[in-house]
Amino acid sequence: MIGASLSRWTMAYFASALFFLVAAECMMAGGYGFPHAAVGAPATLILVHVVAIGWLSVLMLGALFQFVPVLVAHPLHNDWLPLPTLLALLSGLAALILGFLQLASQVDPELPFFALASVLLGLGFAFALWNLGRTLWSAQSRPLPARFVMVGLTSVVATAGFGIVFALVLARTTTYGPFVALAGSALVIHVIAGLGGWLTVTAVGVSYRLLAMFMLAPELERSSTKAALYLGVAALAVAIGGGTWAILHGANFTLMLSGSAMVGLLAVALYAGDVVYLYKARKRRTIELNCRMAALALASLAASAVLIVVLLVLGQLKEYAAAVVFLAAFGWLSGLGLAQLYKIVAFLTWLECYGPVLGKTQTPRVQDLVIERRATKWFLLYFLAVWAGTIALVIGYSPAFQGAAAAMLIATGGIVAQFARTRRLADVTAAARLPVGVRKPRLLFAPSHQN
Amino acid sequence: MTVPLLELDVRPILRAGGEPFGQIMQAVASLVPGQGLRLLATFKPVPLFSVLGAKGFSHEVRELVGGDWEVVFRPTDVAAGVAASATAASDGSDWPDPLHHLDNRELDPPEPMVRILTATEEMKTGEVLSALLCREPIFLLPELAKRGHAWRGGFEPDGTTYKILVRIGTGKQATV
């Protein structure tokens, strides 16, 4: 094996993603979309896709282009494709937003925005799948975390497939009966495939490796880890495959979803057990901010799972689905993403700047690029705000939800400022910052000669 | 002047799940001065560009029909002699006993990488360093290659300790 290199556009992915996170928080704080608008209203659909595609998917893909080669010890199949991939996704998201505005009669209805969005987003995800798929395919070994990522990438196909069907039906490009039936009933499958299959399963796979790496804990290849993978696959197969079949054949769709939920919850429980084991078995006693804050994200995942169980028992999952989705998207996925970004941005910047001169001259440590004490308060504010927002959604008090979203926005601003400072080496002492042979990094990309 | 290119097709090895790196380096070591290498692979071997670039080879890349890749590595003016001597270590030839031993298994990342690179900077050409790690040093290997050092590494039979041997190369001065 030859090693992994720095992916040139990783920072551009992260910056784009953070832009959309901030945009989404502005919308929520300003009362745009749910709970002021209905779940299916264009404003809510815009908000949801800004979060799911603009923030979470772009963040995840940026991380995967860097992380999959590390995971399987094999170079990325194609180094230049990530940039067109990003451009296709961003322009596709813009077209999708315009399509939703069209539904709300807020823009000129003549242009086929939904069709355009289908093509551009389809292309962006296809590029990403091709690049990551070929990388995984060519690798000599695919450890368990990589197999979680493969399941996540397969779920992208299902998510995007449903999304394209919905877009074409909404745009009245097609009136094909089964498509119209799916557009009427399969929204929940689209959400499960995206939030559960693509984002959560991938995050689970990545977290197994990252947590082990940063805490000096053993790599898990336990039977519980394998069982979590297989149960996760089974839950997705039942929800996506079984759910689609049920809609098209008039079978009991709710029964399929309930079955999937039970298997999925079991998988989450096994994952939770593994994570507790990782934290306990770690050799590193004092853990860094990213692992401490990841624990709060993991607690949010556990809380989402408990909430689902309680609501299923009470038979009220549908009424409170928005609160569960909010907690999973912002507490679990976004919380984990922000926490790990804190370390990843510092590490990649450190490697880019100081890697070439390590050992030749005195260089700062990775931890010298960050000031954890300053970042901790923003992270704590972020998680508290997310949990407050969840409670506000459960009790249905929208001013409190807007207040919580505003607090999330402030916290995110604080966190993003830390990322920018790290990237510009602003927290490294002036004497240590730029030894001979080291150049200040660019904010958004690494030089092309980095290998 | 025009020595024919040495051709190496590693696609069968890659398709069988094998690791052709040793064979590629062996082929590079066997090149006569001025000779280039035509490599056929199932993927674009990007890290090789810097490994061989550090040894003075330029590269031309072409994607073949069917998704395979052809890369032609040609020695630039100063390269051929240095390249052969610097990379010979990656083949099966015997290395001297390690002069230094590092146990980096309990260190927080990326401290193991920092210690190894620091140690290599204080060693002389041909000397060997041995280090124990708790995982494959993914980001260290390209850096060693850029500095012209050769390495051999792999997991010990216990499956958790990764042992790497680094032999200090002659390409050291040519780097960054």
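What you see is a predicted model, and the numbers here were worked out from it, not measured in a lab.

Undergrad: Looking at this structure, how should I read the overall build of chain A?
TA: Helix and strand counts for chain A come out as 14 helices and zero strands. Ordered by position in the sequence, the α and β elements of chain A form the string α-α-α-α-α-α-α-α-α-α-α-α-α-α. Here the C-alpha atoms of chain A give a radius of gyration of 22 Å, agreeing with the 22 Å that 2.2 N^0.38 yields for 451 residues. For chain A, the spread of C-alpha atoms along the principal axes amounts to about 70 × 50 × 50 Å. Within the span of chain A, comprising 451 residues, buried residues form 56% of the whole.

Undergrad: Would you mind going over empty space enclosed by the protein with me for this structure?
TA: The method is simple in principle: a probe with the dimensions of a water molecule rolls over the atoms, and the space it marks as empty is what remains. All names here are of chain A. Here the structure, examined in full by the defined rule, presents four cavities of 30 Å³ or more. In this structure, the second largest cavity encloses a volume near 60 Å³. Along its surface, the second largest cavity is lined by L6, S7, T10, M11, Q66, L348, E352, R423 and A446. A domain-level breakdown of the lining of the second largest cavity finds at least three residues from each of domain 1 (1–142) and domain 2 (320–451).

Undergrad: For this particular structure, what's the right way to read the packing of helix α7 (residues 187–215) of chain A against helix α8 (residues 223–249) of chain A?
TA: Each pair of packed helices can be summarised by the angle the axes make with each other and by the distance between the axes. All names here are of chain A. Two elements in contact, α7 and α8, have axes separated by 11 Å at closest approach and are oriented at 170°. The angle between the axes of α7 and α8 places the two elements in the roughly antiparallel class. Residue-level inspection shows I189, I192, A193, G196, G197, V201 and Y208 of α7 in contact with α8, the latter providing T225, A228, L236, A239, I240, G243, T244 and I247. For the contact of α7 with α8, the per-class residue count stands at 10 nonpolar, five polar and no charged.

Undergrad: Explain the confidence of the model for chain B here, please?
TA: Keep in mind that low pLDDT regions are not for reading the predicted coordinates in detail. All names here are of chain B. Taken residue by residue, chain B gives an average pLDDT of 79. The fraction at 70 or more is 85%. Taken together, the stretch residues 78–92 has pLDDT below 50 and engages in 30 contacts with residues farther than four places along the chain or on a different chain. Here residues 172–176 scores under 50 on pLDDT; set against residues more than four positions off or in separate chains, the count is 11 contacts. For this predicted complex, the interface confidence score (ipTM) comes to 0.78, while the overall pTM stands at 0.82.

Undergrad: So what exactly am I meant to see when it comes to the domain arrangement of chain A here?
TA: Size of an interface: often given as the accessible area lost when the parts come together. Residue and element names in this part refer to chain A. By the assigned domains, chain A splits into domain 1 (1–142) and domain 2 (320–451). Taking only C-alpha atoms, the centre of domain 1 and the centre of domain 2 are 19 Å apart. Contacts between the two partners involve 26 residues from domain 1, matched on the other side by 36 residues from domain 2. The contact between domain 1 and domain 2 buries some 2600 Å² in all, and 80% of this surface belongs to carbon and sulfur atoms. On the domain 1 side of the interface with domain 2, the three residues burying the most area are L6, R8 and M11, jointly 27% of the side's total. Across the domain 1-domain 2 interface, the total number found is zero salt bridges. Counting every contact that joins domain 1 to domain 2 gives six residue pairs in polar contact (both at pLDDT 80 or more). Of all the secondary-structure elements, those providing two or more residues to the side of domain 1 that touches domain 2 are α1 (10–29) and α2 (42–72). Broken down by element, the residue count for the side of domain 1 that touches domain 2 peaks at 12 residues, all from α1. Across the side of domain 1 that touches domain 2, the residue classes break down as 18 nonpolar, six polar and two charged.

Undergrad: Got a minute to help me understand the nonpolar core in this structure?
TA: By size, the foremost hydrophobic cluster in this structure holds 189 residues, and its most contacted members are W55(A), F330(A), F379(A) and I164(B). Per element, the largest residue contribution to this core is 22 residues, and it comes from helix α11 (residues 321–354) of chain A. Leaving out residues up to four positions away in the same chain, I164(B) has contacts with I116(B), L129(B), S130(B), A131(B), L133(B), P137(B), L140(B), L141(B), L144(B), W151(B), R152(B) and G153(B).

Undergrad: So what exactly am I meant to see when it comes to the packing of aromatic side chains here?
TA: Evaluation of the coordinates by the stated rule reveals 18 aromatic pairs over all chains. For the ring pair Y13(A) and F65(A), a centre distance of 5.6 Å and an interplane angle of 70° mean the geometry is edge-to-face. Of this pair, Y13(A) sits in helix α1 while F65(A) sits in helix α2, and the two are 52 residues apart along the sequence. A connected cluster of aromatic rings, assembled from ring pairs, spans F148(A), Y208(A), Y271(A) and W332(A). Taking NZ or CZ as reference, R222(A) lies 4.1 Å from the ring centre of Y277(A), over its face. If you follow R152(B) out to its NZ or CZ, it ends over the ring of W95(B), 4.1 Å from the centre.

Undergrad: Can you walk me through the interface of chain B and chain A in this structure?
TA: Counting from both sides, the interface comprises 37 residues of chain B and, opposite them, 33 residues of chain A. Here chain B packs against chain A, burying approximately 3300 Å² in sum over the two surfaces, 61% of which is carbon and sulfur. Of all residues in chain B, R135(B), I138(B) and F139(B) bury the most surface against chain A, accounting for 20% of the area lost on that side. On the surface where chain B and chain A come into contact, there are three salt bridges. As a salt-bridge pair, E106(B) and K283(A) come within 3.6 Å of each other at their nearest N and O atoms. Going through the elements one at a time, α3 (46–53), α5 (111–121) and α6 (140–146) of chain B are the ones with two or more residues in the side of chain B that touches chain A.

Undergrad: What am I meant to see in the sheet that holds strand β1 (residues 6–9) of chain B here?
TA: As a general point, the strands of a sheet are linked pairwise by backbone hydrogen bonds and lie either parallel or antiparallel. Residues and elements named next belong to chain B. Spatially, four strands are ordered β1-β2-β4-β3 in an open sheet, and the strand pairing comes out mixed. Both outer strands of the open sheet, β1 and β3 (57–63), are each paired with one neighbouring strand and no more. Strand-to-strand twist across the sheet, computed as the mean angle between neighbouring axes with direction ignored, equals 15°. Across seven bridges, the pairing between β3 and strand β4 (residues 69–75) is antiparallel. By the bridge assignment, E60 is partnered in β4 with V72.

The rules behind each value
Residues numbered from 1 in each chain as written. Chains lettered and ligands numbered in written order. Predicted model: local features only at pLDDT ≥ 70, side-chain atom pairs only at ≥ 80, totals over all residues. Heavy atoms only, no water. Helix = DSSP H or I, 4+ residues; strand = E, 2+ residues; numbered from the N terminus. Rg over C-alpha atoms; globule rule 2.2 N^0.38 Å. Buried < 20%, exposed > 50% of the residue type's maximum accessible area, 1.4 Å probe, protein only. 1 Å grid on protein atoms, 1.4 Å probe; cavity = no way out; pocket = protein on both sides within 12 Å on 5 of 7 lines; lining within 4 Å. Points joined across faces, edges and corners; volume = space filled by probe spheres on them. Domains from an automatic or database assignment. Axes fitted to C-alpha atoms, helices over the stretch in contact; angles between N-to-C directions. Parallel < 35°, antiparallel > 145°, perpendicular 65-115°, else oblique. Contact = heavy atoms within 4.5 Å. Nonpolar A, V, L, I, M, F, W, Y, C, P; charged D, E, K, R; others polar. pLDDT = per-residue confidence, 0-100. Buried area = accessible area lost by both parts, 1.4 Å probe. Salt bridge = Lys/Arg side-chain N within 4 Å of Asp/Glu carboxyl O. Polar contact = N/O pair within 3.5 Å; in protein donor to acceptor, adjacent residues only side chain to side chain. Core = buried A, V, L, I, M, F, W, Y, C linked by side-chain atoms within 4.5 Å. Phe/Tyr/Trp six-rings, centres within 6.5 Å; stacked < 30°, edge-to-face > 60°. Lys NZ or Arg CZ within 6 Å of the ring centre and 35° of its normal. Pairing = 2+ DSSP bridges.

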